[in-house]
Amino acid sequence: MLVLGIESSCDETGIALYDTERGLLAHALHSQIEMHSEYGGVVPELASRDHIRRALPLIQKVLNDAKLELSDINGIAYTQGPGLSGALLVGTSIAESLAFTLNVPTIGVHHLEGHLLAPLLEENPPQFPFVALLVSGGHTQLMKVTGIGEYVLLGDTLDDAAGEAFDKTAKLLGLDYPGGPAVSKLANQGKKGRFKLPRPMLNSGDLNFSFSGLKTAVLTLANQNELDLQTKADIAYEFQEAATEILTTKCMFALRETGLDNLIVSGGVGANKRLREQLNFATKRKLCHVHYPRLEFCTDNGAMIAYAGAMRLKALEGTQPSHSFTVRPRWDLAELQKPQ
Ligand code: KG4
Ligand code: ZN
């Protein structure tokens, strides 16, 4: 089954072709980061208009790259939510109208389910069950995953998401949007030990997170010090150490608590090099395994939507295809069910 995936929930138009027999055949992405950067964040109306401009040429591109035609497509997966409603509507409209003309089924995919399953696109994916850390701009969640649509929440952030903390730290240090990669780059020049930052809830006895105290501690440091380049780098270094230590420690607690030995990490912060170093080290010591998406699939992309959609469409094969034209800008992952 050849599935076209369309991601348009925020500031990236991602398109991909996934075949349930042959795997990922092609993917293409247009990032709007440059367009939004002068505003310091995503401008929803500009995002929607740009998705309209980019989606069809990108669909043509993936078809050309895979040497396939529109008529080869057997199903269309699109991000139905959560996200910006206008941006979601663009992907939904394109998916539903294409599906109507091609007479193929569609599936509305939960954006976070896409992220969550992205590591399974790589070679030697783990078997279910495993622990998943979903760590993005809006989420910091630990889950026990026993199958597609079977997600048990083990821990969540009580306030800011980890990516949000990276972004806010970047802003305090005068770095560009998006903040995560900028903080990480600057941290490479930072010196260890000059500043001390807290690790909130590290030993809270549960699997929840809190990042707002860490952000406030960064704000205090930024206010107390002359922010020359070296000082900024030293703060970035300490912030990254604190954030990645918290994430790593809680992942290890989650593996211990569930008795599982496979961890998958997904979402934008999963691209962080220091986080990967710490997780690789910690899991190896405990004889566990950690799986990541390739770097480009940590952030938003069409491949993860094509994959998640393909898994669900495959499970629905033989049933009457249903079409809907609703977007779900707010959609809790806990509402998802296994395909039936
Ligand atoms: O998953 P994602 O693309 O978007 C959603 O939030 O859905 O994640 C974006 C987040 C941003 O907060 C960004 O600053 C962060 O991921 N991020 C990083 C890195 N790359 C992206 N944070 C730390 N280190 C990175 N290398
Ligand atoms: Zn995302």
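What you are looking at is a predicted structure, and each value in this text was computed from that prediction instead of being measured.

*Asks:* Explain the coordination of the zinc ion (ligand 2) here, please?
*Replies:* Coordination angles at a metal have ideal targets, namely 109.5 degrees for four tetrahedral donors and 90 or 180 degrees for six octahedral donors. Donor atoms from the polypeptide that bind the zinc ion (ligand 2) are His111 (NE2), His115 (NE2) and Asp300 (OD), placed at 2.1 Å. Bound by four donor atoms, the zinc ion (ligand 2) shows angles of 90 to 131° at the metal and therefore tetrahedral coordination geometry. Between consecutive donor residues of the zinc ion (ligand 2), the sequence gaps follow H-x3-H-x184-D. Separated by 185 residues along the polypeptide, His115 in helix α4 (residues 111-117) and Asp300 in the loop between β10 (289-291) and α10 (302-316) bring together distant segments of the chain.

*Asks:* Would you take a moment to explain the sheet that holds β10 for this structure?
*Replies:* Spatially, β8-β7-β6-β9-β10 is the arrangement adopted by the five strands of the open sheet, whose pairing is mixed. Strand pairing shows two members of the sheet lacking a second neighbour, β8 (150-156) and β10, which therefore form its edges. For this sheet, the mean angle separating the axes of adjacent strands, direction not counted, is 25°. Pairing of strand β6 (residues 130-135) with strand β7 (residues 140-147), which is carried by six bridges, proceeds in the antiparallel orientation. Across the sheet, the residue bridging to Phe130 is Val145, located in β7. Running at roughly 150° to β10, helix α9 (residues 273-285) makes contact with β9 (262-266) and β10 of the sheet.

*Asks:* For this particular structure, what's the right way to read the nonpolar core?
*Replies:* For soluble globular proteins, the rule of thumb is that nonpolar side chains tend to be buried together. The biggest cluster of nonpolar side chains holds 45 residues, and the ones touching the most others in it are Phe211, Phe239 and Leu247. For this core, the secondary-structure elements that each account for two or more residues are β6, α5 (162-172), α6 (179-187), α7 (212-224), α8 (229-258), β9 and α9. Examining the composition of this core, we find that 13 residues originate from one element, α8, more than from any other. For Phe211, the contacting residues outside a window of four places in its chain are Thr140, Thr157, Asp159, Asp160, Ala161, Ala162, Ala165, Ala243, Ile246 and Leu247. Counting residues in each nonpolar core, the second largest holds 34 residues, with Ala77, Leu116, Met304 and Ala310 among its members.

*Asks:* How should I be thinking about the domain arrangement of the protein in this particular structure?
*Replies:* Taken domain by domain, the protein consists of domain 1 (2-116 + 298-335) and domain 2 (128-292). Between the C-alpha centres of domain 1 and domain 2 the distance comes to 28 Å. Contacts between the two partners involve 15 residues from domain 1 and, on the opposite side, 19 residues from domain 2. Of the roughly 1400 Å² buried where domain 1 meets domain 2, counting both sides, 73% is carbon and sulfur surface. Counting across the domain 1 and domain 2 interface gives zero salt bridges. Of all the secondary-structure elements, those providing two or more residues to the side of domain 1 that touches domain 2 are α1 (33-37), α4 and α10. For the side of domain 1 that touches domain 2, the leading source of residues is α4, giving four residues. In terms of residue class, the side of domain 1 that touches domain 2 is built from seven nonpolar, five polar and three charged.

*Asks:* Teacher, can you tell me more about the site of ligand 1 here?
*Replies:* Neighbouring residues of ligand 1: 19 residues in total, closest Gly137, Asp167, Gly180, Gly268 and Asn272. At 2.9 Å, a backbone N or O of Gly180 approaches an oxygen atom of ligand 1. Take Gly268: an N or O atom from its main chain is 3.0 Å from an oxygen atom of ligand 1. When atom positions are compared with the pocket grids, ligand 1 is found to occupy the largest pocket. Counting only elements with at least two residues in the shell around ligand 1, the list comes to α4, α5 and α6. For the shell around ligand 1, the residue count by class is five nonpolar, 12 polar and two charged.

Criteria and cut-off values
- Residues numbered from 1 in each chain as written.
- Chains lettered and ligands numbered in written order.
- Predicted model: local features only at pLDDT ≥ 70, side-chain atom pairs only at ≥ 80, totals over all residues.
- Heavy atoms only, no water.
- Donors = N, O, S within 2.8 Å, 3.2 Å for Na, K, Ca; no water.
- Tetrahedral: all angles 85-135°; square planar, octahedral: opposite > 155°, others 65-115°.
- Helix = DSSP H or I, 4+ residues; strand = E, 2+ residues; numbered from the N terminus.
- Pairing = 2+ DSSP bridges.
- Axes fitted to C-alpha atoms, helices over the stretch in contact; angles between N-to-C directions.
- Contact = heavy atoms within 4.5 Å.
- Core = buried A, V, L, I, M, F, W, Y, C linked by side-chain atoms within 4.5 Å.
- Buried < 20%, exposed > 50% of the residue type's maximum accessible area, 1.4 Å probe, protein only.
- Domains from an automatic or database assignment.
- Buried area = accessible area lost by both parts, 1.4 Å probe.
- Salt bridge = Lys/Arg side-chain N within 4 Å of Asp/Glu carboxyl O.
- Nonpolar A, V, L, I, M, F, W, Y, C, P; charged D, E, K, R; others polar.
- Near = heavy atom within 4 Å.
- Polar contact = N/O pair within 3.5 Å; in protein donor to acceptor, adjacent residues only side chain to side chain.
- 1 Å grid on protein atoms, 1.4 Å probe; cavity = no way out; pocket = protein on both sides within 12 Å on 5 of 7 lines; lining within 4 Å.
- Sits in = over half its atoms within 2 Å of the grid points.

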